[in-house]
Amino acid sequence: MKQLKNIAILLSLAVFAFSCEKHVLKYDAEDATGLAEYQLHYFVPVVAGTANNIYRVEINGEVVANASAPLFTYNAIPSGSVGRFYTVKPGTINIKLYKGTNEDLVYDKNCNVTAGKQNIFVYDFDKEPIVFDNGYPYEPIVTEHTGTTGWVKFYNFLFETGNTPVNFKLQYQYQYTVDNSTGQKSDWLNVGDPVAFGETTGWVPLPVNKTVELSSGSARIDYRAQVINPDGSDGGLLQVGNGSGTLKNYTDWWTLYVGRRFHHVLSGYRDAVPTCAVRQFTAL
């Protein structure tokens, strides 16, 4: 009986060894050192829908997105997981976008990319894209117990009409709950400095006053925007249309998470269709 048990053990070990050999895990990753890493954002002011989706994207003649995973309006690729980037050799790259299910070529422009991470924004079919430094590596804020900070990067891609962008700067502002027990709110605080069309604030740390102390933590943050006129004077709160001819002060809110980073992109038309909105993308 003991011999049979030993034989069974030996057979089990043999099967295990064969199984391990047969199912070797391989991680086919490539070293991105020295390469340009990029995410491609599509923010031309068009109505969302099939007709305006990009069903083929070519970078230097190579297809990086197609009908099975298109580039949607007011969106970005690579899609799916947070922190994914395409890679290419630094230098001048060519971007071709094919719109609609018929894949009509609507964009054929060049831009320069450098080693490291960047975000490329296509905002006008007739103009070269704008390339932003991604701001990586991300510097954390370390605390004694649990974190209390999240990050936001605001972009101004607001159009007035047609292909004419707004001619003023925007001061993005936020307000958070100071006391969770009473609901007391903070004053309105600035997210970085005012930015003109096609500019960004860079990464700005915001407080996350979470309700559960020993947790990863999140909190609601309210947002608005202040207009800074071309002469530098205060233009009041940003007013935007609601699609039915009524102007109202722009307001919005998003949940901010401790340690996370989010792109906030204001885009569309200030007082026309497609109406403007902030689209949020997770960087980390």
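Residues numbered from 1 in each chain as written. Predicted model: local features only at pLDDT ≥ 70, side-chain atom pairs only at ≥ 80, totals over all residues. Heavy atoms only, no water.

Before going further, it helps to spend a moment on the nonpolar core. Counting 28 residues, the largest nonpolar core has L170, Y172, L206, L238, Y250 and L266 as the members making the most contacts within it. Counting residues per element, this core draws most heavily on strand 16 (residues 218-228), which supplies five residues. Ignoring anything within four residues of it in the chain, the contact list for Y250 reads Y172, Y223, R224, A225, L238, V240, L266 and V278. Among the nonpolar cores identified, the runner-up in size contains 23 residues, and A65, I77, C111 and V113 belong to it. (Core = buried A, V, L, I, M, F, W, Y, C linked by side-chain atoms within 4.5 Å. Buried < 20%, exposed > 50% of the residue type's maximum accessible area, 1.4 Å probe, protein only. Helix = DSSP H or I, 4+ residues; strand = E, 2+ residues; numbered from the N terminus. Contact = heavy atoms within 4.5 Å.)

What follows concerns the sheet that holds strand 7 (residues 104-113). Pairing is antiparallel across the open sheet formed by four strands, whose spatial order is 3-2-6-7. Because the sheet does not close on itself, it has two edges, and the strands there are strand 3 (62-65) and strand 7. Strand-to-strand twist across the sheet, computed as the mean angle between neighbouring axes with direction ignored, equals 25 degrees. (Pairing = 2+ DSSP bridges. Axes fitted to C-alpha atoms, helices over the stretch in contact; angles between N-to-C directions.)

A few words on the packing of aromatic side chains. Summed over all chains, the structure comprises 21 aromatic pairs. Between Y174 and Y176 the ring centres are 6.3 Å apart and the planes differ by 25 degrees, which places this aromatic pair in the stacked class. Taken together through their ring pairs, the aromatic side chains of F43, Y74, F121, Y123, F132, Y155, F157, F159, F197, Y269 and F281 make up a single cluster. It is K117 that lies over the ring of Y136; its NZ or CZ is 4.1 Å from the centre. Here the guanidinium or amino end of R261 rests over the ring plane of W151, the centre of that ring lying 4.1 Å away. (Phe/Tyr/Trp six-rings, centres within 6.5 Å; stacked < 30°, edge-to-face > 60°. Lys NZ or Arg CZ within 6 Å of the ring centre and 35° of its normal.)

In this fold, D222 is placed in strand 16. For D222, a relative accessible area of 11% corresponds to the buried category. At 3.0 Å, the side chain of D222 forms a polar contact with the side chain of K185. (Polar contact = N/O pair within 3.5 Å; in protein donor to acceptor, adjacent residues only side chain to side chain.)

This brings us to the side chain of R261. Within the element layout of this structure, R261 appears in strand 21 (residues 261-269). Buried charge R261 goes without a salt bridge, the closest partner of opposite sign being E139 at 7.4 Å. Of the polar contacts made by the side chain of R261, one reaches the backbone oxygen of E139; its length is 2.9 Å. (Lys, Arg positive; Asp, Glu negative; His and termini not counted. Salt bridge = Lys/Arg side-chain N within 4 Å of Asp/Glu carboxyl O.)

As a further point, take the confidence of the model for the chain. When the pLDDT values of the chain are averaged, the result is 89; 86% of them are 70 or greater. Contacts from residues 1-28, a stretch scored under 50 in pLDDT, to residues over four places away or in other chains number zero contacts. (pLDDT = per-residue confidence, 0-100.)

Look at any regular strand and the pattern is simple: side chains alternate between the two faces of the sheet. By the criterion of burial, strand 16 is predominantly enclosed, with nine of the 11 residues buried. Sheet topology note: the strand 12 (residues 169-179)/strand 16 ladder contains eight bridges and is antiparallel. Opposite L170, over in strand 16, you have V227 as the bridge partner. Here seven bridges tie strand 16 to strand 20 (residues 251-257), and the two strands are oriented antiparallel to one another. Each bridged residue has a counterpart across the sheet, and for Y223 the counterpart in strand 20 is D252. As paired elements, strand 16 and strand 17 (residues 234-237) share two bridges and run antiparallel to each other. Counterpart to I228 in the pairing with strand 17 is D234. In this antiparallel pair of consecutive strands, strand 16 and strand 17, the connection spans five residues, and G232 shows a positive phi of 90 degrees.

This part is about the pattern of salt bridges. What the rule picks out here adds up to seven salt bridges. The residue E58 makes a salt bridge to R56 at a minimum N-O spacing of 3.0 Å. With relative accessibility at 12%, the residue E58 sits in the buried group. Across the salt bridge formed by D222 and K185, the nearest N and O atoms sit 3.0 Å from each other. One end of the pair, D222, is in strand 16; the other, K185, is in strand 13 (residues 184-185), and 37 residues separate them in sequence. A single network of salt bridges, built from pairs that share partners, joins R56, E58 and E103.

What follows is about the environment of A51. Position of A51 relative to the elements: it lies in the loop between strand 1 (36-42) and strand 2 (54-59). A51 sits in the exposed class, given a relative accessible area of 56%. A51 sits 51 residues away from N102 along the chain, and the two C-alpha atoms are 8.9 Å apart. Ignoring sequence-local partners within four residues, the contact set of A51 consists of K99 and G100.

Our next topic: unusual backbone geometry. Cis geometry marks the peptide bond from Y136 to P137, where omega comes out at 5 degrees. Mapped onto the fold, P137 is located in the loop between strand 9 (130-133) and strand 10 (149-161). Cis geometry is found at the peptide bond from V273 to P274, where omega equals 5 degrees. With respect to the helices and strands, the residue P274 is situated in the loop between strand 21 and strand 22 (277-282). We note that N60 has phi near 55 degrees; this positive angle belongs to a residue other than glycine.

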